[in-house]
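Next come the chains, spelled out residue by residue.
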Amino acid sequence: MTTAIYDDENIFAKILRGDIPCNKVLENDHALAFEDINPQAPVHVLVIPKGAYVSNDDFTANASEAEIAGFFRAVGHVARELGVAEPGYRLIANTGTHGGQEVPHFHVHICAGRLLGRMIAHPD
Ligand code: 5GP
């Protein structure tokens, strides 16, 4: 089973504890959604689970069925509440070093509000 050491001092842990503020979009038993501080699209919202999971790898290996279902239902709910289910949006879950993950608390980006173009920009 995947093991990962969770850092309680990561920025999203501080947001969950209310130690630092966020522009909250939705909160329920399983998830907190808030606006990204550095938006990459007209709509850019982060959804994080309430539990202490480092990444998608950690979450999908170690979270309960209820946590996983509750979290992903919340992601869809947030997108609908934001009004972006149509014409659509992109979910991104950067995972680990090669995935470009900067904050070590599992999160999904919801990006929307314009045509988002190519999925991955190639360096060459
Ligand atoms: P990652 O690269 O880990 O997938 O994405 C982390 C995201 O967290 C980035 O898009 C970044 O702008 C956002 N972020 C970093 N620090 C803060 C913060 O203090 N507040 C908010 N709302 N977003 C943050």
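That block above? That's the structure.
The rules behind each value
- Residues numbered from 1 in each chain as written.
- Predicted model: local features only at pLDDT ≥ 70, side-chain atom pairs only at ≥ 80, totals over all residues.
- Heavy atoms only, no water.
- Near = heavy atom within 4 Å.
- Polar contact = N/O pair within 3.5 Å; in protein donor to acceptor, adjacent residues only side chain to side chain.
- Areas by Shrake-Rupley, 256 points an atom, 1.4 Å probe, with all protein chains shown as cover.
- 1 Å grid on protein atoms, 1.4 Å probe; cavity = no way out; pocket = protein on both sides within 12 Å on 5 of 7 lines; lining within 4 Å.
- Sits in = over half its atoms within 2 Å of the grid points.
- Salt bridge = Lys/Arg side-chain N within 4 Å of Asp/Glu carboxyl O.
- Buried < 20%, exposed > 50% of the residue type's maximum accessible area, 1.4 Å probe, protein only.

J.: Explain the site of the ligand to me, using residue names and the numbers behind them.
T.: As a matter of local geometry, the ligand sits amid 16 residues, with Glu35, Asp36, Glu102, His107 and His109 nearest to it. The contact in question runs from an oxygen atom of the ligand to an N or O atom on the side chain of aspartate 36, over 2.5 Å. Burial of the ligand by the protein amounts to 84% of the accessible area it has alone, namely 520 Å². Taking a 2 Å distance to the grid points as the criterion, the majority of the atoms of the ligand fall inside the largest pocket.

J.: Report on the pattern of salt bridges, specifying residues and quantitative values.
T.: Throughout the structure, instances matching the rule amount to five salt bridges. We note a salt bridge from lysine 14 to glutamate 9, for which the minimum N-O separation is 4.0 Å. Looking at lysine 14, the relative accessible area reads 25%, which means it is partly exposed. The salt bridge involving glutamate 27 is made with lysine 24; its shortest N-O contact spans 2.5 Å. Classification of glutamate 27 as partly exposed rests on a relative accessible area of 40%. Connected through shared salt-bridge partners, Glu9, Lys14, Arg17 and Asp19 make up one network.

Bear in mind that shape data such as this cannot, by itself, settle questions of function.
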